[in-house]
Protein chains: 2
Amino acid sequence: MPENFADRLLGAIAAKKAPVTIGIDPVYARLPQALTGKSGLDREADLESSLDAILEFSRQVIRIVAPFVPAVKINSGFFERYLWEGIEGYYELIQEAAERDLIVIADAKRGDVGHTAEAYARAHLADPDLAGSDDMVGPDAVTVNGYLGLDALEPFVQVCREEGKGIFVLVRTSNPGAAEVQNAPCAEGVTVAEHMAGLVSKWGRQDGLVGQKGYSCVGAVVAPRDVEQARRIRQVLDASVLLVPGYGAQGLGPQEVAACFKPGGMGAIVNASRSVIYAYEQTAYRQRCGDNWEVCIEKACQYFVSQIREVVGMG
Amino acid sequence: MPENFADRLLGAIAAKKAPVTIGIDPVYARLPQALTGKSGLDREADLESSLDAILEFSRQVIRIVAPFVPAVKINSGFFERYLWEGIEGYYELIQEAAERDLIVIADAKRGDVGHTAEAYARAHLADPDLAGSDDMVGPDAVTVNGYLGLDALEPFVQVCREEGKGIFVLVRTSNPGAAEVQNAPCAEGVTVAEHMAGLVSKWGRQDGLVGQKGYSCVGAVVAPRDVEQARRIRQVLDASVLLVPGYGAQGLGPQEVAACFKPGGMGAIVNASRSVIYAYEQTAYRQRCGDNWEVCIEKACQYFVSQIREVVGMG
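Residues numbered from 1 in each chain as written. Chains lettered and ligands numbered in written order. Predicted model: local features only at pLDDT ≥ 70, side-chain atom pairs only at ≥ 80, totals over all residues.

Some words on the overall build of chain A
What chain A contains, in helices and strands, is 14 helices and eight strands. When the backbone C-alpha atoms are referred to their principal axes, chain A occupies close to 60 × 45 × 40 Å. Across the 315 residues in chain A, those meeting the buried criterion constitute 59%. (Helix = DSSP H or I, 4+ residues; strand = E, 2+ residues; numbered from the N terminus. Buried ≥ 20, exposed ≤ 12 C-beta atoms within 10 Å, placed from the backbone.)

Here you go:
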């Protein structure tokens, strides 16, 4: 039987003393000029040139952060934007990250029913099984949308069981408008997000899903806007790893992040995307590292790790 | 200014007297043996062979149903399962359907925030804008997931305005497990689905989104499980076209479907997928059409159209 995903993830976090993941969300307009100035990568309006640039950038980011973090989160949307050629690049990046022993979280936010859910679970979580894609691996985990009900997630859970993989169900997202849906009052005095947390918690405790460290391969995406909400969701999702986006660029503070962890700094992993991968846009890093965008990213990644270590009290 | 999507869709429905769409949800194991027996299409476990078969099947289905229906709904999941080569085929099918003057609804159920939502709106709704993809068109509309809040849908709405396209926000889905989320009691005595319907209704009435026929380019996916729920959602979403899945294979009956329409048979479009595209599996069609799977699909499509005409009282 393959190792439970939560055990693998928590093991990798412990090994690097870093409960963090870096989000690969490349947008051409924000790439460093040192890169987009290169011949072949300099035409934003050209599919091939633009895609080659974001792939080159993403590969470099993966290479730079790999020594410091246990995982990367690759957002499929930025690659889908480049049609099928972008998707080919997306899978290449998954291989690249896997080869560097990073845990890969596919941020695909898929959600559908029945046969479609099966197709998505094969496409975005399972290791490819068809001849012609033999030597590739799928991501280690994928983000999914539970609005359709958790039966829709069953094909993903099946892949988790068979291949030691994981899912993170969207519970509370970090955007300003999330509140009108997710904070709406729901059954028994809880919000919609907390109701979803309860369902995810129940699902995650099914036979065979909880690993030796006490956490399920069914995790949740939680970007609480206040400490109280973070505490409530943490309590409900007692056996789930929380994937916490929104730190840095999206404005989540250290208190909210701390409340997503259990005492001892366990049970959550915090993502930063733009604040790290575009660090060279920040004056502080430019002054320190000159125009070397790669060093800016490295320093920002190290700083992010040290910040989160401090927040969770991890030596 | 481009024609409003709802005006276009309702015009196409009126022209064919058929408020229906056929769902292209191909699964290799259910393709007709006459097709999977062909050399080159006969290896399910081979990516290229399997994909070629589902594309050949899908092209034929589009060709067969085009004279009878105004629209097809193409589900991206079944193509994503074949990695980037599948996505290339998916876009080819969109071109194929567009060339046959069908309105194409991309059933992609995407939902994300900020820059990612922009990327998804470009990938799954807008006409491709990058050199290297110039001669392609995007779908006419796309299904989206509103769990993240409707601000997350703004980039899609922007494309609707600029290119005369549409979105259908998931409100009530057809799977058995949907109830635990969507039927949960929510604010002011309504369910989560009805709360979502209220948000979608408000969003859909923004300046410039409602067309001359009184409907918005912001529609909703609604598969009510009972007549009362259908009536309530229909009332709340007064200015939205409802995309109604689940008729036939997924067990929605004529009463529930009828309640999704306004008097006079306006304001909704009903999807059938498996009951039409796999008609050759049904004894009734095989007895009538022999082993000709294409004729089976044609007859099932015509029968579906006649059923829905009857349900909505369309002459």
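Moving on from the model shown.
Let's talk about the sheet that holds strand 6 (residues 216-222) of chain B
Residues and elements named next belong to chain B. A barrel is described by the order of its strands in space; here eight strands give the closed sequence 1-2-3-4-5-6-7-8, paired in parallel fashion. This sheet shows a mean twist of 30° between the axes of neighbouring strands, independent of strand direction. Of the strand pairs in this sheet, strand 3 (residues 103-110) and strand 4 (residues 141-144) are connected by three bridges, and their pairing is parallel. Across the sheet, residue Ile105 finds its bridge partner in strand 4, namely Ala141. Of the strands in this sheet, strand 1 (20-24), strand 2 (71-75) and strand 3 are in contact with helix 5 (residues 83-99), which crosses strand 2 at around 180°. (Pairing = 2+ DSSP bridges. Axes fitted to C-alpha atoms, helices over the stretch in contact; angles between N-to-C directions. Contact = placed C-beta atoms within 7 Å.)

A word on the pairing of strand 1 (residues 20-24) of chain A
Moving residue by residue along a regular strand, the side chains alternate between the two faces of the sheet. Residue and element names in this part refer to chain A. Burial within strand 1 is extensive, with five of its five residues counted as buried. Here strand 1 shows no split at all, with Val20, Ile22 and Ile24 on one side and Thr21 and Gly23 on the other all buried. In this structure, strand 1 lies alongside strand 8 (residues 268-272), joined through three bridges in parallel fashion. Bridging from a neighbouring strand, Thr21 pairs with Asn271 of strand 8. Where strand 1 lies against strand 2 (residues 71-75), four bridges are found, and the strand directions are parallel. What sits directly across from Thr21, in strand 2, is Ala71.

Some remarks on the confidence of the model for chain A
Here chain A averages 95 in pLDDT, while 98% of its residues score no lower than 70. Interface scoring of the predicted complex returns ipTM 0.96; its pTM is 0.97. (pLDDT = per-residue confidence, 0-100.)

Here's the deal with helix 14 (residues 293-312) of chain A
Residues and elements named next belong to chain A. With 20 residues, helix 14 extends 29 Å between its outermost C-alpha atoms, agreeing within 8% with the 28 Å of an ideal straight helix rising 1.5 Å per residue. Those residues of helix 14 not exposed but buried are Trp293, Cys296, Ile297, Glu298, Ala300, Cys301, Phe304, Val305, Ile308, Val311 and Val312. Backbone geometry just after helix 14 places Gly313 at a positive phi near 70°. (Expected span 1.5 Å × (residues − 1).)

Focus: the relation of the copies chain B and chain A
Note on the copies: chain B fits chain A at an RMSD of 0.0 Å, the axial shift is 0.0 Å, and the rotation between them is 180°. This pairing of chains is accounted for by a two-fold axis. Counting the interface residues of chain B, we find that 100% of their copies in chain A are interface residues as well, pointing to one common contact surface. (Least-squares fit on C-alpha atoms with pLDDT ≥ 70 in both.)

Focus on the sheet that holds strand 6 (residues 216-222) of chain A
Taken together, eight strands build a closed barrel; the order of strands is 1-2-3-4-5-6-7-8 (chain A) and the barrel is parallel. Between one strand and the next, the sheet's axes are offset by a mean angle of 30°, whatever the strand orientation.

Some remarks on the interface of chain B and chain A
Facing the 59 residues of chain B at the interface are 59 residues of chain A. Within the residue set of the side of chain B that touches chain A, elements represented by two or more residues are helix 3 (47-65), helix 4 (77-80), helix 5, helix 6 (114-124), helix 8 (179-182) and helix 9 (192-204) of chain B. In terms of residues, the side of chain B that touches chain A owes the most to one element, helix 6 of chain B, which gives seven residues. By residue class, the composition of the side of chain B that touches chain A is 31 nonpolar, 17 polar and 11 charged. (Nonpolar A, V, L, I, M, F, W, Y, C, P; charged D, E, K, R; others polar.)

Some words on the packing of helix 5 (residues 83-99) of chain A against helix 5 of chain B
Pairs of packed helices are described in terms of their axes, by the angle between the two and the distance that separates them. One can describe the packing of helix 5 of chain A onto helix 5 of chain B by two numbers: an axis separation of 8 Å at closest approach and a directional angle of 165°. The angle between helix 5 of chain A and helix 5 of chain B places the two elements in the roughly antiparallel class. Handedness of the crossing formed by helix 5 of chain A with helix 5 of chain B: right-handed. Judged by residue contacts, Leu83, Trp84, Ile87, Glu88 and Tyr91 of chain A of helix 5 of chain A engage Leu83, Trp84, Ile87, Glu88 and Tyr91 of chain B from helix 5 of chain B. For the contact of helix 5 of chain A with helix 5 of chain B, the residue count by class is eight nonpolar, no polar and two charged. (Parallel < 35°, antiparallel > 145°, perpendicular 65-115°, else oblique. Left-handed = near helix turned anticlockwise from the far one by under 90°.)

Notes on unusual backbone geometry
Despite not being glycine, Leu83 of chain A shows a phi value in the positive range, around 55°. Within the secondary structure layout, Leu83 of chain A lies in helix 5. Judged by C-beta crowding, with 23 C-beta atoms within 10 Å, Leu83 of chain A ranks as buried. You will see that Lys17 of chain B, though not glycine, has its phi angle at about 45°, which is positive. Position of Lys17 of chain B relative to the elements: it lies in the loop between helix 1 (5-16) and strand 1.

A short note on helix 6 of chain B
Across the 11 residues of helix 6 of chain B, 10 count as buried, placing the element largely inside the fold. Regarding helix 6 of chain B, the residues found buried are His115, Thr116, Ala117, Glu118, Ala119, Tyr120, Ala121, Arg122, Ala123 and His124 of chain B. In the core, the buried residues of helix 6 of chain B are packed alongside strand 2 and helix 4 (77-80) of chain A together with strand 3, strand 4 and helix 7 (154-163) of chain B.

So, the environment of Gly114 of chain B
Tracing the backbone shows Gly114 of chain B in helix 6. Here the alpha-carbon distance between Gly114 of chain B and Leu153 of chain B, two residues 39 residues apart in the chain, equals 8.9 Å.

Some words on the pairing of strand 3 of chain B
Residue and element names in this part refer to chain B. Within strand 3, eight of the eight residues are buried, which leaves it mostly tucked inside the rest of the structure. Side chains of strand 3 alternate between two faces, with Ile103, Ile105, Asp107 and Lys109 and Val104, Ala106, Ala108 and Arg110 buried alike. Looking at chain direction, strand 2 and strand 3 are connected through five bridges and run parallel. Across the sheet, Asn75 pairs through a bridge with Asp107, a residue of strand 3.

Comments concerning the environment of Ala187 of chain B
Positionally, Ala187 of chain B belongs in the loop between helix 8 and helix 9. Separated by 15 residues in sequence, Ala187 of chain B and Arg172 of chain B have C-alpha atoms that sit 17 Å apart. Excluding anything up to four places from it in sequence, Ala187 of chain B contacts Ala184 and Pro185 of chain A together with His195 of chain B.

Let's talk about the packing of helix 9 of chain B against helix 10 (residues 227-236) of chain B
Residues and elements named next belong to chain B. Closest axis-to-axis distance for the helix 9/helix 10 pair is 9 Å, and the angle between their directions is 20°. Compared by their axis directions, helix 9 and helix 10 come out roughly parallel. Like other packed secondary-structure pairs, helix 9 and helix 10 cross with a definite hand, here right-handed. Only Arg232, Ile233 and Val236 of helix 10 make contact with helix 9, whose side of the interface consists of Glu194, Ala197, Gly198 and Ser201. Residue classes in the contact of helix 9 with helix 10 are distributed as three nonpolar, two polar and two charged.

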